Amino acid sequence: MKKKEFYNLLKSVPKAELHLHEEAVISKKTINKLYKENIGADMSEEDMNGLFDYNDLAGFLDSFIAIQKFFTKIENLYYVTDDLKSYLQANNISYCETFFSPTSHLKKGWDFKDMSKILSDGAEKIQKDTGKTVRYIVDVSRSFGVENAQHNLDLVIEANNPYIIGIGLGGNEEAAPAKDFQSVFDNAIKAGLHVVAHAGETVESWSMKDSINLLHVERIGHGISAIYDEPFVKELAVSRLPLEISPTSNTFIGKYVKDIKEHPIKRLFDAGVNVTLNTDDPTFFKVSLIDEYWNVYKNLKFTLDEIKMLIKNGFNAAFISDEEKKRRCDEVEDKWAAWFQSHPQVKP
């Protein structure tokens, strides 16, 4: 299938995205708005381009941190929920679970309940305006230690926001291994929250195993190092524990794969592992969800039927009821069939 036809098809089919950092959907328009509020003038084209001129993880993190510093008022968070709405519409993402990282904002003295209210307002507005569903997973962050992670969890429990459905563990998995956060995740599970963790992105499969066996996570973010542990791949195929894979992000990080054509997602898929497709940080990695589907179709030889299965995997791995999973997957089948019926010249 040609690229234009593929994009047209994918735009017509509803999708889920489960590994998306909300701050990373920020648009350049919003960045300029924040900059102007702080500086009193528009950001120059040279400075804007410089924010996104990096080719390694350190450069990406520097850019991410620089942009976060532009958020000086809690009301600025509304800008990001507006950008999230635009991103979901552009990619026809009908269901999204997005990470929210509160730690840097808490250090500014912002109140978590106020941030939580903005998240709710954003999700409700998106639902009302577009019919699309947004739920939040709070990144308790391994980067600031166990005490900070437990504090973030306590704030989530106290807020009792129905739009916040779980916690996640992001950050440097080698410097702060999953096992250190077992008590935090035990407490989250007792509180009835869903739990996920970034693992196997830059560290061998032991990081994934600890996340599963000690933190009892329900999904793994990234998980690509599993491909080097054949017995573990077989275990994942049996358990069907979902992996939230982001090929462009993984290639950019470059720990286990440096070329999209070498990415292991197809090998994991063929081995029966329950993989889902995501972007991670779309603005910073210059990729949309539809771009990512095109990337694996073009470079890794997923068939169209396998692309459709990947789309349905996203819904089936989401934290929604079985009834809703079936309804959303049925909609995928209906929209897929309708597109091909209206494009008889294109063979599925």
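Remember, predicted model here, so these are calculated numbers, not experimental data.

Cut-offs and rules
Residues numbered from 1 in each chain as written. Predicted model: local features only at pLDDT ≥ 70, side-chain atom pairs only at ≥ 80, totals over all residues. Heavy atoms only, no water. Core = buried A, V, L, I, M, F, W, Y, C linked by side-chain atoms within 4.5 Å. Buried < 20%, exposed > 50% of the residue type's maximum accessible area, 1.4 Å probe, protein only. Helix = DSSP H or I, 4+ residues; strand = E, 2+ residues; numbered from the N terminus. Contact = heavy atoms within 4.5 Å. Axes fitted to C-alpha atoms, helices over the stretch in contact; angles between N-to-C directions. Parallel < 35°, antiparallel > 145°, perpendicular 65-115°, else oblique. Left-handed = near helix turned anticlockwise from the far one by under 90°. Nonpolar A, V, L, I, M, F, W, Y, C, P; charged D, E, K, R; others polar. Phe/Tyr/Trp six-rings, centres within 6.5 Å; stacked < 30°, edge-to-face > 60°. 1 Å grid on protein atoms, 1.4 Å probe; cavity = no way out; pocket = protein on both sides within 12 Å on 5 of 7 lines; lining within 4 Å. Points joined across faces, edges and corners; volume = space filled by probe spheres on them. Pairing = 2+ DSSP bridges.

**Thoughts on the nonpolar core**
In terms of nonpolar packing, the biggest core is built from 115 residues, with F185 and I307 touching the most fellow members. It is helix α15 (residues 289–300) that contributes the most residues to this core, seven residues altogether. Residues in contact with I307, not counting those within four places in the same chain, are F6, L10, Y293, V296, Y297, F302 and W336.

**Some remarks on the packing of helix α16 (residues 304–316) against helix α17 (residues 322–342)**
The interhelical angle for the contact between α16 and α17, taken along N-to-C directions, is 155°, at an axis separation of 9 Å. Overall, the two elements α16 and α17 adopt an arrangement that is roughly antiparallel. Like other packed secondary-structure pairs, α16 and α17 cross with a definite hand, here right-handed. Together, L304, I307, K308, I311, K312, F315 and N316 of α16 and K325, R328, C329, V332, E333, W336 and F340 of α17 make up the contact between the two elements. Of the residues that constitute the contact of α16 with α17, the class distribution is eight nonpolar, one polar and five charged.

**Describing the packing of aromatic side chains**
Tallied over the entire structure, the rule returns 18 aromatic pairs. Ring geometry for F64 against F284: centres 5.2 Å apart, planes inclined by 45°, an arrangement best described as tilted. Residue F64 is found in helix α4 (residues 57–68), and its partner F284 is found in helix α14 (residues 282–285); the two are separated by 220 residues along the sequence. Like F64, the residue F284 is buried in the burial classification.

**Some remarks on empty space enclosed by the protein**
A full pass over the atoms with the stated rule returns one cavity of 30 Å³ or more. The space that makes up the largest cavity amounts to roughly 40 Å³. Around the largest cavity, the lining residues are E23, Q68, F71, L77, V80, F100 and H105. Residues of the lining of the largest cavity, tallied by class, amount to four nonpolar, two polar and one charged.

**With respect to the pairing of strand β1 (residues 15–21)**
By the criterion of burial, β1 is predominantly enclosed, with seven of the seven residues buried. Bridge analysis of β1 against strand β2 (residues 93–100) gives five bridges, and the strand direction is parallel. Along β2, the bridge assignment pairs E17 with C96.

**So, the sheet that holds strand β7 (residues 243–245)**
The pairing of strands in a sheet happens through backbone hydrogen bonds and is either parallel or antiparallel. On the basis of which strands lie adjacent, the open sheet formed by eight strands has the order β1-β2-β3-β4-β5-β6-β7-β8 and parallel pairing. Every interior strand has two partners, whereas the edge strands, β1 and β8 (275–277), have only one. On average, adjacent strands in this sheet sit at an angle of 25° to one another, irrespective of strand direction. Alignment of strand β6 (residues 219–222) against β7, held across two bridges, turns out to be parallel. Residue pairing across strands places I220 opposite L243, the latter belonging to β7.

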